Amino acid sequence: MGPSSIISDASEEQTLSTMMAWRVHEFGSPEIMKFERIPRPWPGPGEVLVKVKAAGVGPWDGWIRAGKSALPQPLPLTLGSDLSGEIVAAGPAVAELRLGDQVYGVTNPRFVGAYAEYAVASAGMVSTRPTSLTHVEASSVPVVAVTAWQALFDHAQLKAGQTVVIHGAAGNVGSYAVQLAHHAGLQTVATASTGDISAVRNLGANTVIDYRMQRFEEEVQNADAVIDLVGGETQTGSFQVLHRGGKLISAVSRPDQNLAKRHDVEASFFLVNVTNRYLREIARLIDGGKLRTKVGAVLPLADAREAHLMLEHLRPQPKGKIVLDVGAS
């Protein structure tokens, strides 16, 4: 064996034990993101190592990158939470998952680690990928679909026949909320812009209000719940469309408790908690044709910075979820 083959073998070994990942060494704009080679992680107790096939990109990734996370984020970190891929290793105390399983879900409660060729994930936060979806499609689902589910059923505790107002119904969370509400037999009033009215109606909304042409406060009364995915003045105006004892649930900002008391309603903000229980139910609905996904831009992993420029509205962004196709890098 000559020197050149020894060098080649050493280089190959190094490549096998490392991976490419998008790292943040300081908080800031998309320009601070670095695509670099780092050691491949290894799963600890209750964790699995996923060979990432695709990673979803969401606004929360931008908040983490900018240093605006709701949770402590020690640096350096690898960005990304939503993922779909194959389990290639498992740590101790992992019972339900096996090597070779095709899974989707999120990485961990801090929502980091997925913009990489391999990612460690908490075993309780991933589940079998919907068989009807590709990895790219599956990676677009977890955070937004579970957020919609928990807003409607865990926090608003809505039941068939009740009325819910869904703001931002054409967005990534909103589109799942409308579909889930329709499937659950709720009367759904959705707000959307003019160009999205037809699409939102096709998702199952009973009534769609063009928020640019109509004031929803004048169109709705005595609703059982409002799902706020917009915030700001929309959230403030939502208190008056609820009946006494109704619920305003926000996934974007903390509601004014003084307004809640004045209108005699409950108002709360929540952070999504993705677990395999929700992922299994959502996969069942997707494979049963009850939920449709919507992927917008699909970029190779190497273009993750471009995805974040889309998040910041510095690049055009098509409707639907941004996804990084790791296999395309």
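Reading guide: rules and limits
Residues numbered from 1 in each chain as written. Predicted model: local features only at pLDDT ≥ 70, side-chain atom pairs only at ≥ 80, totals over all residues. Heavy atoms only, no water. Helix = DSSP H or I, 4+ residues; strand = E, 2+ residues; numbered from the N terminus. Rg over C-alpha atoms; globule rule 2.2 N^0.38 Å. Buried < 20%, exposed > 50% of the residue type's maximum accessible area, 1.4 Å probe, protein only. Contact = heavy atoms within 4.5 Å. Areas by Shrake-Rupley, 256 points an atom, 1.4 Å probe, with all protein chains shown as cover. Lys, Arg positive; Asp, Glu negative; His and termini not counted. Charge placed at Lys NZ, Arg CZ, Asp CG, Glu CD. Pairing = 2+ DSSP bridges. Domains from an automatic or database assignment. Buried area = accessible area lost by both parts, 1.4 Å probe. Salt bridge = Lys/Arg side-chain N within 4 Å of Asp/Glu carboxyl O. Expected span 1.5 Å × (residues − 1). Phe/Tyr/Trp six-rings, centres within 6.5 Å; stacked < 30°, edge-to-face > 60°. Lys NZ or Arg CZ within 6 Å of the ring centre and 35° of its normal. Right-handed = clockwise from strand over helix to strand, strands pointing away.

Time to look at the overall build of the protein. Helix and strand counts for the protein come out as 11 helices and 16 strands. Here the C-alpha atoms of the protein give a radius of gyration of 21 Å, agreeing with the 20 Å that 2.2 N^0.38 yields for 329 residues. Principal axes of the C-alpha set define a box for the protein whose edges measure 80 × 40 × 35 Å. Looking at the protein as a whole, 51% of its 329 residues are labelled buried. Put simply, of all contacts in the protein between residues at least 6 apart along the chain, 65% involve residues at least 24 apart. Just so you have it, the protein exposes about 15,000 Å², and 51% of that area is on carbon and sulfur atoms. Measuring between centres, the 30 positive side-chain charges of the protein sit 3 Å from its 32 negative side-chain charges.

With that settled, the discussion passes to the sheet that holds strand β4 (residues 77-78). On the basis of which strands lie adjacent, the open sheet formed by 3 strands has the order β2-β1-β4 and antiparallel pairing. Two strands lie at the open edges of the sheet, namely β2 (34-39) and β4, each paired on one side alone. Across 2 bridges, the pairing between strand β1 (residues 18-24) and β4 is antiparallel. Along β4, the bridge assignment pairs V24 with L77.

Attention now moves to the domain arrangement of the protein. Each assigned domain of the protein is listed with its residue range as follows: domain 1 (8-142 + 274-325) and domain 2 (156-269). With centres defined by C-alpha atoms, the gap from domain 1 to domain 2 works out at 30 Å. Taken together, the contacts link 10 residues of domain 1 with 8 residues of domain 2. Approximately 900 Å² of surface area, both sides summed, lies buried where domain 1 meets domain 2, with 52% of it carried by carbon and sulfur atoms. If you sort the residues of domain 1 by the area they bury against domain 2, L291, R292 and K319 come out on top, with a joint share of 50%. At the junction of domain 1 and domain 2, the tally comes to 1 salt bridge.

Let us look at helix α5 (residues 172-183). With 12 residues, α5 extends 17 Å from end C-alpha to end C-alpha; this agrees with the ideal 16 Å at 1.5 Å per step. Turning to α5, its buried residues are V173, G174, S175, Y176, A177, V178, Q179, L180 and A181. Contacts from the buried residues of α5 go to α4 (142-155), β9 (163-166), β10 (187-192), α6 (197-202) and α10 (276-287). In the segment just after α5, G185 is the residue with positive phi, at about 80 degrees.

The next subject is the packing of aromatic side chains. As enumerated under the stated definition, the model contains 3 aromatic pairs in all. Taking the centre distance of 4.9 Å and the plane angle of 20 degrees together, the rings of W22 and F35 count as stacked. Note that W22 is positioned in strand β1 and F35 in strand β2, a separation of 13 residues in sequence. Classification of W22 as buried rests on a relative accessible area of 3%. Looking at R40, its charged tip hangs above the ring of Y118, at a distance of 3.9 Å from the centre. The ring of Y278 has R277 sitting right over it, with the charged end atom 4.4 Å from the ring centre.

With 5 of its 6 residues buried, β10 lies for the most part within the structure. Both β9 and β10 contribute to a ladder of 4 bridges, which runs parallel. For V164, the partnering residue across the bridge sits in β10 and is T188. Note on the crossover from β9 through α5 to β10: the handedness is right-handed.

Turning to the side chain of S139, a few remarks are in order. Within the secondary structure, S139 is located in helix α3 (residues 135-139). Beyond its immediate chain neighbours, meaning those up to four positions away, S139 contacts A54, A55, G56, D82, L83, S84, K321 and V323.

Glancing now at the pairing of strand β13 (residues 242-250). Bridging between strand β12 (residues 223-228) and β13 involves 5 bridges; their strand directions are parallel. Bridge assignment links A225 to a residue of β13, and that residue is K247. Traced from β12 through helix α8 (residues 232-238) to β13, the parallel crossover comes out right-handed. Inspection of the sheet shows β13 paired to strand β14 (residues 266-269) by 4 bridges, in the parallel sense. Among the inter-strand pairings, S250 is bridged to a residue of β14, identified as F269. Each parallel crossover has a hand, and the one from β13 via helix α9 (residues 257-263) to β14 is right-handed.

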